[in-house]
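One-letter residues, chain by chain:
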Amino acid sequence: MLEKARQLFMNSFGCAEGVRYFFAPGRVNLLGEHTDYNGGRVMPCALDLGIYGAFAPRTDGTIGLASADFESGKAFRFRTAELPEDLGGTWTAYALGSWLSLRDRLQDEPEGQTEAARNGRRVEAALSALSGGFDMAIASDLPTGAGLSSSAALEVLTVTALCGLFGIELSKKDIALTSQRAENVYAKVPCGIMDQFASANGIRDHALYLDTSSLEFEAIPLELGDAEIVLTDSRVKHSLGSSEYPKRRRECEESAALIKREMERLGEKPAETLCSLSSTEFDRLSCCIKDPGARRRARHAVRDNERCRLGAEALKRGDLKAFGELISASHVSLRDDFEVSCPELDLLAETAWNVPGVYGSRITGGGFGGCTVSIVKKSSEELFKSKVSGAYRDAFGIDCVFYTALPSDGARELFI
Ligand code: ADP
Ligand code: MG
């Protein structure tokens, strides 16, 4: 992939001096789904699959972009001073949005307070270098639109590379926040922080047990013994997802506001987010959410947050059986309460549950298509794959694709 990115760079932009190489991974989330915008916990790990990029700085105020995976590697050129307000719906919006988000971040920081300034590089100098532009050519082995966060990988890759090229020192946490803002503001997708955080902060052989309200995380060793993490790509993506995601988010915000008001009415210290409630507290207060659908969604967020906490404890004591049961329970909750599953994902998960040696299986990512994640005994892997792919082909006529997830390090420069 790196060679592919290098070749594409040469073909698109010529043999520029000072080309540097970077990589940013996709992620799989093991537990805690749709909790990241409800102030809850999540448990992603970065993958060994991701996007590779060749980058070089420019000084003429233009940005050159090419992706081997889109429009047959066609190269685009933009003027940094004339970027349109609306970047449109194509892939270049993620890369340009990342550049804009990094520029915004530098502009917003009072002089002398950024890490860039602390490290002896003045914000002004960084901004001026940034506005010189850059060229970027990328190639990926991460499936896009499969719920493994290729969009976050692209943003984190761009921000990490720009920081590297222009000597801007941002912490991994700030790289994640800058990348999330690129997706929220410029690609206009109201995602939470999990995906970008995992892509930037991943640690080999660990899951990141992340509290999305504080952005504190604990790296939990993934000692799975005789088991491994298998991803099954359904290869479907229902367009419903892009309209339902903002709807779910809004419903959760409205439910949180109703509960807050109810707690104030009862003279209690109000909870700021849904996920700061325990299941018991939620069950006591949830009657203030009159709409049964909205109540079920809020219940999912609260319970999946608890499942994530219990899952972290189970992993630490090496209890894969308990961990797997929580994973499967999360699928049921996403299917019945949060209603973000689809017949394809249900069949993949439900078939997996019935294969001996499978600890648990569920949707990972936003839902409405994409991947399931399963914890499978290595000795059952072949049986798992044949049962799941057979049942899926019989039901939908589609060949699913399997990946073994290797928890890996986050975004980084590659030296060749
Ligand atoms: P996911 O993040 O689950 O993979 P999204 O729909 O959020 O799915 O993001 C996919 C989009 O990200 C693609 O349609 C494309 O615009 C952009 N993208 C991802 N990978 C690449 C790539 N290798 N080259 C160019 N754009 C990419
Ligand atoms: Mg995405």
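Sequence positions are assigned chain by chain, starting from 1 and proceeding in written order. To read the labels, note that chains go from A and ligands from 1, taken in the order they are written. Residues qualify for local features only when their pLDDT is at least 70, as the model is predicted, and side-chain atom pairs are given and counted only at 80 or more; totals for whole chains, interfaces and linings, by contrast, use all residues. Computation of side-chain values: all heavy atoms of the structure, hydrogens and water removed.

Peer 1: When you look at the side chain of Ser 341 in this model, what are you seeing that I'm missing?
Peer 2: Relative to the helices and strands, Ser 341 is located in the loop between α11 (320-336) and α12 (343-353). Reaching out from Ser 341, the side chain makes a polar contact with the side chain of Asp 346 at a distance of 2.6 Å. Those residues in contact with Ser 341 that lie beyond four places of it in its chain are His 331, Leu 334, Arg 335, Asp 346, Ile 363 and Phe 368. Here a helix means four or more residues in a row that DSSP labels H or I, a strand means two or more in a row labelled E, and each is numbered from the N terminus. By the criterion applied in these results, polar contacts are pairs of N or O atoms within 3.5 Å in which, for protein atoms, one can donate a hydrogen and the other can accept it, and in which residues neighboring in sequence qualify only through two side-chain atoms. Contacts are assigned to residue pairs that have any heavy atoms within 4.5 Å of one another.

Peer 1: I tried to follow the nonpolar core on my own but got confused; where do I start?
Peer 2: Burial of nonpolar side chains together is a common tendency in soluble globular proteins. Residues Leu 30, Met 43, Leu 65, Phe 134, Met 136, Ile 168 and Phe 323 are the most contacted members of the largest nonpolar core, which totals 80 residues. In terms of residue count, the dominant contributor to this core is helix α5 (residues 150-166) (ten residues). Residues enter a nonpolar core if they are buried and are Ala, Val, Leu, Ile, Met, Phe, Trp, Tyr or Cys, with the set joined through side-chain atoms within 4.5 Å. The classification of residues rests on relative accessible area computed with a 1.4 Å probe and restricted to protein chains. Under 20% of the type maximum is buried, over 50% is exposed, and intermediate values are partly exposed. Counting 26 residues, the second-largest nonpolar core is a separate cluster that includes Met 263, Ala 298, Phe 338 and Phe 368.

Peer 1: Just to check I follow, could you spell out the site of ligand 1 for this structure?
Peer 2: Each residue is tested against the molecule or strand, and it is near if at least one of its non-hydrogen atoms lies within 4 Å. Near ligand 1 there are 18 residues, and of these Ser 67, Asp 69, Gly 145, Ser 150 and Lys 237 occur at the shortest range. Interatomic distance of 3.2 Å between a backbone N/O atom of Gly 147 and an oxygen atom of ligand 1. Measuring from an oxygen atom of ligand 1, one finds a side-chain N or O atom of Ser 151 at 3.0 Å. About the coverage of ligand 1: the protein hides 85% of its 560 Å² of free accessible area. Secondary-structure elements contributing two or more residues to the shell around ligand 1 are β6 (133-140) and α5. Only the protein chains shown count as cover for residues, with accessible areas throughout obtained via the Shrake-Rupley method and a probe of 1.4 Å.

Peer 1: Would you explain the side chain of Thr 158 in this entry?
Peer 2: Mapped onto the secondary structure, Thr 158 falls in helix α5. Given a relative accessible area of 0%, Thr 158 falls into the buried group. Engagement of the side chain of Thr 158 in a polar contact is seen with the backbone oxygen of Leu 154, the distance being 2.7 Å. Apart from the residues within four sequence positions on either side, Thr 158 is in contact with Phe 55, Ala 95, Ser 98, Phe 134 and Met 136.

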